[in-house]
Amino acid sequence: MSARGVDAAIPTRLSSIRNELIGQKLRVVGRILVHDVKTSTVVLWNEKHAIAADISLCLPTAGGVSWLQEPRGTVTVLGYLERSQPETPLPRLPAQLPDAELVLIPHVSLQAILVLDSPDVDIRLWNATVAEMEASGLL
């Protein structure tokens, strides 16, 4: 825990997600590729990587949320990285993927605790900044 008693979310590129981060609170940025209403699961994509995220804790009991209204909208997600259960179904990916080399990160998913509509976030700049933080040993 941090000095304030609350763990900060670690800024993380989707390409940097690995099993060693399971249990950690992460902050990721991506676009919503697909949303499965029945399971409250989205697939976030960022460049050539994608990850499933359970957004059930972030949905209101009534009404909608702006970040689900825009197709392929950019969002910032704070959540805990968890090991996926083998029986957990993933949303069906669209026939036309944004990148033919898209890789769905296996065996893990995010349990989202906060989703922020982030239309002004430049994903390439986010990735470059987080990569620089990683290289500098700040993360």
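The structure under discussion appears in the preceding block.
Calculation rules
- Residues numbered from 1 in each chain as written.
- Predicted model: local features only at pLDDT ≥ 70, side-chain atom pairs only at ≥ 80, totals over all residues.
- Heavy atoms only, no water.
- Helix = DSSP H or I, 4+ residues; strand = E, 2+ residues; numbered from the N terminus.
- Rg over C-alpha atoms; globule rule 2.2 N^0.38 Å.
- Contact = heavy atoms within 4.5 Å.
- Lys, Arg positive; Asp, Glu negative; His and termini not counted.
- Charge placed at Lys NZ, Arg CZ, Asp CG, Glu CD.
- Buried < 20%, exposed > 50% of the residue type's maximum accessible area, 1.4 Å probe, protein only.
- Pairing = 2+ DSSP bridges.

Comments concerning the overall build of the chain
A count of helical and extended segments in the chain gives one helix and six strands. The linear arrangement of helices and strands in the chain, starting from the amino end, is β-β-β-β-β-β-α. Radius of gyration (C-alpha) of the chain: 15 Å, near the 14 Å computed for a compact globule of 139 residues. For the C-alpha atoms alone, the extent of the chain along its principal axes is close to 40 × 35 × 35 Å. Considering only contacts within the chain whose residues lie at least 6 apart along the sequence, 74% involve residues at least 24 apart. Each charge class in the chain can be summarised by its mean position, and for the 12 positive and 15 negative side chains these summaries are 1 Å apart.

Observations regarding the pairing of strand 5 (residues 74-83)
Of all ten residues that make up strand 5, seven are buried, and the element is covered over most of its length. Taken together, the seven bridges between strand 2 (residues 25-36) and strand 5 define a ladder with antiparallel strand orientation. Bridge pairing in strand 5 links Lys25 to Tyr80. Across nine bridges, strand 5 lies against strand 6 (residues 103-117) in antiparallel orientation. Bridged to Tyr80 within strand 6 is Gln111.

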